[in-house]
Amino acid sequence: MSLEAAARPSRVRYRVLGFACSLSMITYLDRACFSTAAPSIAAELGLTDVSQLKWTMTSFAIAYAAFEIPAGAMGDRIGPRAMLMRIVLWWSACTALTGVVGLRVGATALGGLGTLVALRFLFGAGEAGAYPNITRALHNWFPSRSWETAQGLVFMSGRLMGGVTPLIWAILVGGTASSAPLMGWRGAFLLFGLVGVVWAVAFSLWFRDRPDDHPDVNAAERALIGSEPIPTASHANVPWKAILTSRSLWALCIMYCAINYAWAFNMTYLPSYLEERFGVTQGDRVGAIYKGAPLWVGAAGCFLGGVFVNGLARLLGDRRRARQALGVSALSLGAVCWWGAVRAENIHQFSILISLAAFTVDLTLGAAWATCQDLGRAHAAVTAACMNTIGTLGNALAGWLIGALVEQSIVARAKSLDVAVVQLSSADKHLAVLGGYQSAFGTFMFAFILAAACWTLIHPKAPLGYDHDEPSPILT
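Residues numbered from 1 in each chain as written. Predicted model: local features only at pLDDT ≥ 70, side-chain atom pairs only at ≥ 80, totals over all residues. Heavy atoms only, no water.

A. Looking closely at the overall build of the chain. In terms of helices and strands, the chain carries 18 helices and two strands. Here the chain has a C-alpha radius of gyration of 23 Å; the compact-globule value for 476 residues is 23 Å, and the two agree. Its C-alpha atoms put the chain at 75 × 45 × 40 Å along the principal axes. Split into buried and exposed, the 476 residues of the chain put 57% on the buried side. Taking the contacts inside the chain whose residues are at least 6 apart along the sequence as the reference set, 82% of them involve residues at least 24 apart. (Helix = DSSP H or I, 4+ residues; strand = E, 2+ residues; numbered from the N terminus. Rg over C-alpha atoms; globule rule 2.2 N^0.38 Å. Buried < 20%, exposed > 50% of the residue type's maximum accessible area, 1.4 Å probe, protein only. Contact = heavy atoms within 4.5 Å.)

B. Structural view of the pattern of salt bridges. A complete count under the given rule lists twelve salt bridges for this structure. Residue Asp318 pairs with Arg320 through a salt bridge whose shortest N-O separation is 3.7 Å. Among the residues examined, Arg320 registers a relative accessible area of 23% and is labelled partly exposed. Here the residues in one salt-bridge network are Glu148, Arg319, Arg323 and Asp374, joined through shared partners. (Salt bridge = Lys/Arg side-chain N within 4 Å of Asp/Glu carboxyl O.)

C. Molecular detail of a nonpolar patch on the surface. A cluster of nonpolar side chains, namely Trp55, Ile62, Phe67, Trp90, Phe121, Leu122, Leu397 and Trp400, defines an oily patch on the protein surface of about 740 Å² accessible area. Sorting the residues of the nonpolar patch by element identifies helix H3 (54–78), helix H5 (113–127) and helix H17 (380–416) as the ones contributing at least two each. The element best represented in the nonpolar patch is H3, accounting for three residues. Relative to the elements of secondary structure, Trp90 occurs in helix H4 (residues 80–98). A residue is classified by how much of its surface remains accessible, and Trp90, at 35% relative accessible area, is partly exposed. (Patch = residues over 30% accessible without salt bridge, like charges linked within 9 Å, V, L, I, M, F, W, Y side chains within 5 Å. Areas by Shrake-Rupley, 256 points an atom, 1.4 Å probe, with all protein chains shown as cover.)

D. Up close: the state of the cysteines. Under the definition given, this model contains zero disulfides. A disulfide-free cysteine, Cys302 has its sulfur positioned 10 Å from the sulfur of Cys21, the nearest such atom. The buried category is assigned to Cys302, whose relative accessible area is 1%. Here Cys372 is not disulfide-linked; the sulfur of Cys253 is the nearest cysteine sulfur, at 7.2 Å. Its relative accessible area of 0% is what places Cys372 among the buried residues. (Disulfide = S-S within 2.5 Å.)

E. Seen up close, the packing of aromatic side chains. All told, the structure shown has 35 aromatic pairs when counted by the stated rule. For the ring pair Phe155 and Trp369, a centre distance of 5.5 Å and an interplane angle of 40° mean the geometry is tilted. Placement of the pair is Phe155 in helix H7 (residues 147–174) and Trp369 in helix H16 (residues 365–376), with a sequence separation of 214 residues. Note on Phe155: relative accessible area 3%, which makes it buried. (Phe/Tyr/Trp six-rings, centres within 6.5 Å; stacked < 30°, edge-to-face > 60°.)

F. Layout of the side chain of Glu127. With respect to the element layout, Glu127 can be found in helix H5. For Glu127, a relative accessible area of 0% corresponds to the buried category. Excluding anything up to four places from it in sequence, Glu127 contacts Thr27, Arg31, Phe60, Tyr64, Ile87 and Trp91.

G. How the structure looks around the nonpolar core. Counting residues in each nonpolar core, the largest one holds 140 residues, and the members touching the most others are Leu252, Met255, Phe265, Trp338 and Phe350. Sequence-distant contacts of Phe350, defined by excluding residues within four places in its chain, comprise Phe265, Leu270, Tyr273, Leu274, Arg277, Phe278, Trp338, Ala341, Ala344 and Phe441. (Core = buried A, V, L, I, M, F, W, Y, C linked by side-chain atoms within 4.5 Å.)

H. Representation of helix H6 (residues 130–141). Taking 1.5 Å per residue as the helical rise, H6 with its twelve residues ought to reach 16 Å, and the 17 Å between its terminal C-alpha atoms agrees with that figure. Burial analysis of H6 places twelve of its twelve residues in the buried class, the great majority of the element. Where H6 is concerned, the buried positions are Ala130, Tyr131, Pro132, Asn133, Ile134, Thr135, Arg136, Ala137, Leu138, His139, Asn140 and Trp141. (Expected span 1.5 Å × (residues − 1).)

Right, dumping it as structure tokens:
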């Protein structure tokens, strides 16, 4: 190797980012396929409406929240490699098993709604810790000035896959007027589970927790990655008191809960809503694009978030203030978008406005997760897990509340007509379902306003567990 080549940093960190991005894609593939398959699953289980699957969505989110912090703390302790391998293999098995629930073998059905709720709980428990441990890996492999961009690319990749999943589903399962489906919905779940297993094997063979442990990293790249001042602390001694008393972290958690609540609709009920209101069919490929539109458009927000923070940091002279300014302005605009979406008259207007609302959320994701790294430093994974735990409670609330509002609207409609729910005409049930969704949409505007307000309270001055009189290691 020439002296000039040796002086140039190797680029192993970008392959690490590639693994992180591909993992994010698989995460969203497995999440989005469930919401896309929800009408088929509901019909297979003999349910009257997708809203009756609300506990399958809620149980996933509850388990995800419950196990997020332990998984993050474990990642800080033993490293992200072992944790991510375990996480991906676990959730891949749950994805494959989802395709078996309700399968009839002779006269016997392999489980029903209760089994699916339990499986989704295990799914959430297994997947918990994925993004905190990705954050731990990025913290180890990238300098602080690249955190927002790296985090943004990770979430951009996930959003893109979540957006394309309905289209993949339409091709694999929906079929077209001229071609039969390539497989049933059960086969699709088995296929998607296999994808995760392949990723886990490749990741385990190549990835190392730290640059010092990877044979392909040269001294120049190690110096580049380690050029930012990062406090040292024992991974075993998590500063729980500092975590529980940090106003900035609590504001960050509440903000993340609010945006997760407002955003969860895109990953849970949106496909069913578009089918119910606008007559989109499962084999409709244009309709599939609309089902994934918030994720397609949001992906651009994930990418641009780091660019915006960099530009605002140069303008304001402070990276923390740049994140705050972006959070307040973007999420305020998101509230306006949902105000317009509630009044949209056709699928084009509705899809454009909710996609723009998703875009404003995703502009802030890199800033939110990079703030966790600023606060947590040696405890970056557990700090990120705290934020994601509270954030996932927003997902759980949305999964349950939207379904409950739809069910309540159906019951109220039947009561007003003095008939049983099962006796409602298709037209009356259709109106009731849409009314339930409309009630939920109004709460999304409030969630955006609350999230924007929370950003005004996020002021990380020093890492958790360190004396706030010490100079902050955060570069401007």
